[in-house]
Amino acid sequence: MQAQLRDSLGIDFPMAAFYRSPTIATLADGRHEDMIERALADAAEPFTIEHAAPALADSAEAAPIRTMLLTGASGFLGIYLLHALCGRLDEVVCLQRCASAAAGLAVLQDKAREAGLAIDFSRVEVIPADLAAPQLGFDTPRWRQLAAEVDAILHCGAFVHHLHSYEEMKRANVGGTEALLRLALTQRQKPFCFISTLSVGEMLAGAVRIDEHVSNARPLLDNGYLLTKWVGEQRVAECARRFGLPAVVARPGNITGDSRTGFSNFAHNHFWLFNKGCLQLGAYPETAREVEMMPVDLLAGALTAVALQPRTGIRTVNLNNPLALTQRQWFAALAACGLRADPQAVASWQRRLADLEPSNGLALIRDFYTGDLSVAPLPVDQIGTLTELARHGMDLSVDYGALIQLYVGYLRDAGFLDPVSETVAS
Ligand SMILES: NC(=O)c1ccc[n+]([C@@H]2O[C@H](COP(=O)([O-])OP(=O)(O)OC[C@H]3O[C@@H](n4cnc5c(N)ncnc54)[C@H](OP(=O)(O)O)[C@@H]3O)[C@@H](O)[C@H]2O)c1
């Protein structure tokens, strides 16, 4: 529709404006809410709860974690978390959008099959729930029962989309996180792990590096999804501070395919759509951007290790890959697999975005690349994260050479990358 309007009427508008406009009239009007101000206002409202449970340190021994509540198990990362948790716990309670527990379980079984994961489903209980609903959609008896049943919470579920407005995503991403924090503080405290994203640390006023702590610096990026994650981080930090809740803010970077099979969510994945588009153009923009890849299975193992070792207070773990490639190194590695794209000056490359074929990987995400691409990546603090993972015998580094070959092979087999047509340079 965006391309049709441009061609037939000469009207151009960013895709994000379309997503943020509930009607054609609001799109034509061109006025939009100030999402940053809305997020700041929400974060400034104090978190409310009646009868918060006492801090674990003040009560008797913290219960060992036998039952974990997991959200987002049907998602790309979530099914790997379910796999990792089922290998270590008696029970995983999955809160899921589904018509019935049986229907939800069938979805998880399908997702596990697709990913090639052997999950012991006798340890899985599915409970229909909606992150966007008040109290997650539970009545009070069910809420209290759940609060008594689970020992810890791993909150992975989210409305993940980079174009919708803050207001649109707030109910699931902010409201859902607040409801789960209330659950964590009901009856007895339950350690809480919130999956955020590294990009939150990147978009803050005055940021010169991505720290291993939650900052209340002003967010600067007008991106609804990231703003909901920023408010989520603020809420988790507030609950740790006010109630002594043991909490982790875990920030993955670029989540990529399984390091053993290559399995990935390529069809909806921004990273792969960008690279496919560049290969189709035979050119990529020469920028200082870097490529960092964290295989989903490795990430799930690291998240599980961190979530199962709660400590008093809040800790922030930056779970990107410590190794990053320059664009040149990345495209050289793809070229070694027979996939060719050459560097091109940013302005010339951007001009080509105006006439993309609809089949080009960049067609849907074009608007992310029409602005200033000169921003250099920020260094990421990870010393605390890596030290903690080393204590669990875990190392986040990977052999990129082997990984890239595996991914390319998988994506070719899946028909996403065509080795013949995409090696033709323009
Ligand atoms: N992918 C990345 O590169 C990346 C990077 C950094 C951080 N993260 C974070 O990692 C987490 C997982 O990402 P992902 O890529 O695995 O996302 P995903 O595949 O889109 O999965 C999202 C999950 O959240 C669930 N969900 C969404 N809205 C819900 C609602 N209203 N009620 C209940 N469940 C709901 C989805 O359930 P349905 O099956 O019902 O849709 C799905 O299980 C997210 O918190 C994301 O912000 C991702």
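Identification of the protein chain as NAD-dependent epimerase/dehydratase family protein from Paraburkholderia elongata is taken from an unreviewed UniProt entry.

**Q** Break down the overall build of the protein chain for me, citing the residues and quoting the values.
**A** Each helix and strand counted, the protein chain has 16 helices and 13 strands in total. Restricting the contact set of the protein chain to residue pairs at least 6 apart, pairs at least 24 apart contribute 80%.

**Q** Hey, could you go over the environment of Phe 416 for me, with residue numbers and the actual values?
**A** With respect to the secondary-structure elements, Phe 416 resides in the segment after helix 16 (400–413). Taking the number of C-beta atoms within 10 Å as the measure of exposure, Phe 416 has 18 and is therefore partly exposed. With near-sequence residues (within four places) excluded, Phe 416 lies in contact with Phe 266, Lys 276 and Leu 411.

**Q** Hey, could you go over the pairing of strand 5 (residues 192–195) for me, with residue numbers and the actual values?
**A** Note on strand geometry: in a regular strand, side chains alternate between the two faces of the sheet. The two faces of strand 5 match: Phe 192 and Phe 194 on one face and Cys 193 and Ile 195 on the other face are all buried. Assessed by its sense of winding, the connection that carries the chain from strand 4 (residues 152–155) through helix 8 (residues 166–184) to strand 5 is right-handed. Inspection of the sheet shows strand 5 paired to strand 6 (residues 247–252) by four bridges, in the parallel sense. Paired with Phe 194 across the strands is Val 249, a residue of strand 6.

**Q** Before we move on, could you go through the sheet that holds strand 4 and cite the residues and values that matter?
**A** Picture the strands of a sheet paired through backbone hydrogen bonds; they go either parallel or antiparallel. Reading across from one edge, 3-2-1-4-5-6-11 is the order of the seven strands in this open sheet, with parallel pairing throughout. The strands lining the two open edges of the sheet, one partner per strand, are strand 3 (124–128) and strand 11 (314–319). Ignoring strand direction, the axes of neighbouring strands in this sheet form an average angle of 20°. Helix-sheet contacts for helix 10 (residues 224–243) involve strand 5, strand 6 and strand 11, and the interaxial angle to strand 6 is about 155°.

**Q** Tell me about the pairing of strand 1 (residues 67–71), and please be specific about residues and values.
**A** The buried fraction of strand 1 amounts to four of the five residues, a majority that puts the element mostly inside the structure. Here strand 1 pairs with strand 2 (residues 91–96) via five bridges, running parallel. Each residue of the ladder has a partner; that of Leu 70, found in strand 2, is Cys 94. For the crossover that starts at strand 1, traverses helix 5 (residues 76–86) and ends in the parallel strand 2, the hand is right-handed. Across four bridges, the pairing between strand 1 and strand 4 is parallel. Within the sheet, the bridge partner assigned to Leu 70 lies in strand 4 and is Leu 154.

**Q** Describe in detail the packing of helix 4 (residues 35–44) against helix 10, supporting the description with residues and values.
**A** Relative orientation of the contacting elements helix 4 and helix 10 amounts to 15°, with a least axis distance of 10 Å. If you check the angle between helix 4 and helix 10, you find them roughly parallel. Seen along the crossing, helix 4 lies across helix 10 with a hand that is right-handed. Taking contact as the criterion, the partners of Met 35, Ile 36, Ala 39, Asp 42 and Ala 43 in helix 4 are, on helix 10, Gly 224, Leu 227, Trp 230, Val 231 and Gln 234.

**Q** I'd like to hear about unusual backbone geometry, residue by residue, with values.
**A** Positive phi, close to 55°, is recorded for His 51, a residue that is not glycine. Position of His 51 among the secondary structure elements: in the loop between helix 4 and strand 1. Looking at His 51, the number of C-beta atoms within 10 Å reads 7, which means it is exposed. Backbone geometry at Leu 136 places phi at a positive 60°, although glycine is not the residue there. As for its position among the elements, Leu 136 is in the loop between strand 3 and helix 7 (140–149).

**Q** Tell me about the nonpolar core, and name the residues and values.
**A** Ranked by internal contacts, the top residues of the largest apolar core, which has 90 residues, are Leu 70, Leu 81 and Leu 82. Apart from residues lying up to four places away in sequence, Leu 82 is in contact with Leu 70, Ala 73, Val 92, Cys 94, Leu 108, Ile 119 and Val 124. Grouped together as the second largest cluster of nonpolar side chains are 13 residues, Ala 43, Tyr 166, Leu 226 and Val 231 included.

Calculation rules
- Residues numbered from 1 in each chain as written.
- Predicted model: local features only at pLDDT ≥ 70, side-chain atom pairs only at ≥ 80, totals over all residues.
- Helix = DSSP H or I, 4+ residues; strand = E, 2+ residues; numbered from the N terminus.
- Contact = placed C-beta atoms within 7 Å.
- Buried ≥ 20, exposed ≤ 12 C-beta atoms within 10 Å, placed from the backbone.
- Right-handed = clockwise from strand over helix to strand, strands pointing away.
- Pairing = 2+ DSSP bridges.
- Axes fitted to C-alpha atoms, helices over the stretch in contact; angles between N-to-C directions.
- Parallel < 35°, antiparallel > 145°, perpendicular 65-115°, else oblique.
- Left-handed = near helix turned anticlockwise from the far one by under 90°.
- Core = buried A, V, L, I, M, F, W, Y, C linked by C-beta atoms within 7 Å.

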